[in-house]
Amino acid sequence: MLLIGLTAEHLAMLDAWYFAMIPALSQDSTALTNYSHIDLHSHSNVSDGLLTPAELVQHAAAHGLKVLALTDHDDVAGLDEARQAADACGLQLINGVEISVTWRRRTLHIVGLGIDPEYPPLVEGLRQIRAGRRTRAEGMAASLQKAGIEGSLEGAYRYARKGIISRTHFARFLIEQGYASEMRKVFKRYLVKGKPGYFEHHWASLEDALSWIINSGGTAVIAHPGRYDMGRPSMLELMEEFRALGGKAIEVVTGSHTEAQYQEFARLAKMFGLQASQGSDYHGQGLSYMEMGRLPSLPAGCVPVWQNWPALAAAQEQN
Ligand SMILES: [Zn+2]
Ligand SMILES: [Zn+2]
């Protein structure tokens, strides 16, 4: 039964979701002002981005950002360098991380914002996830080899010189070899469930990831929910479970969402009493869905995840 965990109240709200709630939001005239100077999701070459943490911060500042969260995959090693660069150019850095999670055999990404990067359970949990990445990479390479694609492990590691190995490094290898022309296509044809290059791997549990983030003083955010290939009942159950475990927000505006998805996830956030986050998920030129500094406003009716962050309130007033 797919709907286990949902209350009758939520089930009753299902039908209302696409209908009654659409006018409810569109009639809300309290549109949020422009917060395009806040970007709460980005990657350096400590994970699978192209720029060093310092270069990333400088790039952000050059594109008009005042607040940036560095959220490398399963690693916080770039935060010190990023903070030095941020202090030097007057940008406010939020300590972040993007944790790989397995939830009901799906991989999800949970962003932690305002974490303490030295909190021991977080440090140890991330270390264990990173160790698992090598195993997964070998499995992915074997899967690609079965599909006739040779040398992908070495090819992917060439791109992961500094950081940890990820699907993006395999994607770059596949593009380099002419198997696809760009990121969106390479992920559609390879590296996802049911396609060559996919390898099932067990990441952290949702419960562990949220406990590391929350107990280190951070805010847990579901990253790019529109990228998870799940039906509506599963999405609703995820939101419910996430909230029950102490999750606070979902990314409503993110580089990989369509405008329709901004609206869809704004409604879902409202329905579950979750706050809204925004971030480009910038990885570097040619690897990103969106350049920095171009985030559109959160849809009306959203409660921004930063609303009670005192330091950000100051940055807003300057805007
Ligand atoms: Zn992600
Ligand atoms: Zn990301």
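Reading the values: rules and limits
- Residues numbered from 1 in each chain as written.
- Chains lettered and ligands numbered in written order.
- Predicted model: local features only at pLDDT ≥ 70, side-chain atom pairs only at ≥ 80, totals over all residues.
- Helix = DSSP H or I, 4+ residues; strand = E, 2+ residues; numbered from the N terminus.
- Buried ≥ 20, exposed ≤ 12 C-beta atoms within 10 Å, placed from the backbone.
- Contact = placed C-beta atoms within 7 Å.
- Core = buried A, V, L, I, M, F, W, Y, C linked by C-beta atoms within 7 Å.
- Pairing = 2+ DSSP bridges.
- Right-handed = clockwise from strand over helix to strand, strands pointing away.
- Arc of directions from axis to C-beta.

Caption draft 1: Quick peek at the overall build of the protein chain. Each helix and strand in the protein chain was counted, giving twelve helices and eight strands. Residue burial in the protein chain is summarised as follows: out of 319 residues, 45% are buried. The long-range fraction of contacts in the protein chain, counting pairs at least 24 apart against all pairs at least 6 apart in sequence, stands at 76%.

Caption draft 2: Up close: the environment of S216. Relative to the helices and strands, S216 is located in the loop between α9 (206-215) and β6 (219-222). For S216 and I115, which are 101 residues apart along the polypeptide, the C-alpha to C-alpha distance reads 5.5 Å. In contact with S216, not counting residues within four places along its chain, are I115, D116, Y119 and L122.

Caption draft 3: View of the nonpolar core. By size, the foremost hydrophobic cluster in this structure holds 65 residues, and its most contacted members are I110, V221, I250 and V252. Among all residues touching V252, those that are not within four sequence positions of it are Y262, F265, A266, A269, A276, S277, Q278, L298, P299 and C302. Counting residues in each nonpolar core, the second largest holds 18 residues, with F170, L174, V186 and F187 among its members.

Caption draft 4: Geometry of the pairing of strand β7 (residues 249-254). Extensive coverage of β7 is indicated by the burial of six of its six residues. Note that β6 and β7 share two bridges and pair parallel. Within the sheet, the bridge partner assigned to I222 lies in β7 and is I250. Crossover connection from β6 via helix α10 (residues 232-244) to parallel β7: handedness right-handed. In this fold, the crossover linking β7 to strand β8 (residues 275-279) by way of helix α11 (residues 259-272) has right-handed handedness.

Caption draft 5: Structural view of α9. Of the residues making up α9, those classed as buried are L206, A209, L210, W212 and I213. Viewed along the axis of α9, the buried residues span an arc of 160 degrees, placing them on a single side of the element. Where α9 is buried, its residues meet β3 (92-103), β4 (106-113), α5 (120-146), β5 (204-205), β6 and α10. Backbone geometry just downstream of α9 places G217 in the positive-phi region, at approximately 95 degrees.

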